[in-house]
Amino acid sequence: HDEFSVDNYNKYVEANDQVAVLEIDFYRADAFVDMDDDQISDLALRAVSAAFRTAKIDSDEVVDAVVLRARNAVSHFAPNSALYSPDVKLGEGMYIC
């Protein structure tokens, strides 16, 4: 997945050691907060694929993953901000931005 590589990084690191770091935040994620870490990691990879319209990164290519959960958390930054959420939708009630 060269679309996530950084040009300068490639000059200093050997090809088999090159990695990209992705951070994915899900809002209104209570519907899948009880999934295990591997399931959420796979969901995040599908979200990246949908958002960037790229092939899905294979789970076997993931070197490390950390899943942090904030059960029943509210991430609205302003009143009615949910109305302005992006159109990227993975499933019923599951949105990404």
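Please read all numbers here as calculations on a predicted model, not as lab measurements. (Residues numbered from 1 in each chain as written. Predicted model: local features only at pLDDT ≥ 70, side-chain atom pairs only at ≥ 80, totals over all residues. Heavy atoms only, no water.)

Draft legend 1. Representation of the overall build of the protein chain in the model. Within the protein chain one finds 2 helices and 2 strands. Sequence-ordered secondary structure for the protein chain, helices as α and strands as β, is α-α-β-β. Once local pairs closer than 6 in sequence are excluded, the contacts in the protein chain between residues at least 24 apart make up 57%. When the accessible area of the protein chain is evaluated, it comes to approximately 7700 Å², of which 49% is carbon and sulfur surface. (Helix = DSSP H or I, 4+ residues; strand = E, 2+ residues; numbered from the N terminus. Contact = heavy atoms within 4.5 Å. Areas by Shrake-Rupley, 256 points an atom, 1.4 Å probe, with all protein chains shown as cover.)

Draft legend 2. Here's a closer look at the side chain of Ser49. Among the structural elements, Ser49 can be located in helix α2 (residues 37-52). Separated by 2.5 Å, the side chain of Ser49 and the backbone oxygen of Thr54 make a polar contact. Setting aside residues up to four positions removed in sequence, Ser49 forms contacts with Thr54, Ala55 and Lys56. (Polar contact = N/O pair within 3.5 Å; in protein donor to acceptor, adjacent residues only side chain to side chain.)

Draft legend 3. Here's a closer look at the pattern of salt bridges. Within this structure, the stated rule accounts for 4 salt bridges. Across the salt bridge formed by Arg46 and Asp42, the nearest N and O atoms sit 3.5 Å from each other. On the criterion of helical spacing, the pair formed by Arg46 and Asp42 is a turn pair, its members being 4 residues apart in helix α2. In the salt-bridge network here, residues are joined through shared partners; they are Asp42, Arg46 and Lys56. (Salt bridge = Lys/Arg side-chain N within 4 Å of Asp/Glu carboxyl O.)

Draft legend 4. Expanded view of α2. The terminal C-alpha atoms of α2, which comprises 16 residues, lie 22 Å apart, in line with the 22 Å expected from a rise of 1.5 Å per residue. Buried within α2 we find Ile40, Ser41, Leu43, Ala44, Leu45, Ala47, Val48 and Ser49. Its side-chain oxygen placed 3.1 Å from the backbone nitrogen of Asp38, Asp36 serves as the N-cap of α2. Arg53 sits one or two positions beyond α2 and adopts a positive phi of about 55°. (Expected span 1.5 Å × (residues − 1). Buried < 20%, exposed > 50% of the residue type's maximum accessible area, 1.4 Å probe, protein only.)

Draft legend 5. Molecular detail of the nonpolar core. Phe26, Phe32, Ile40, Leu43, Ala44, Ala47 and Val67 form the largest nonpolar core, which has 7 residues in total. Contacts of Val67, omitting those with residues within four sequence positions, involve Asp37 and Ile40. (Core = buried A, V, L, I, M, F, W, Y, C linked by side-chain atoms within 4.5 Å.)

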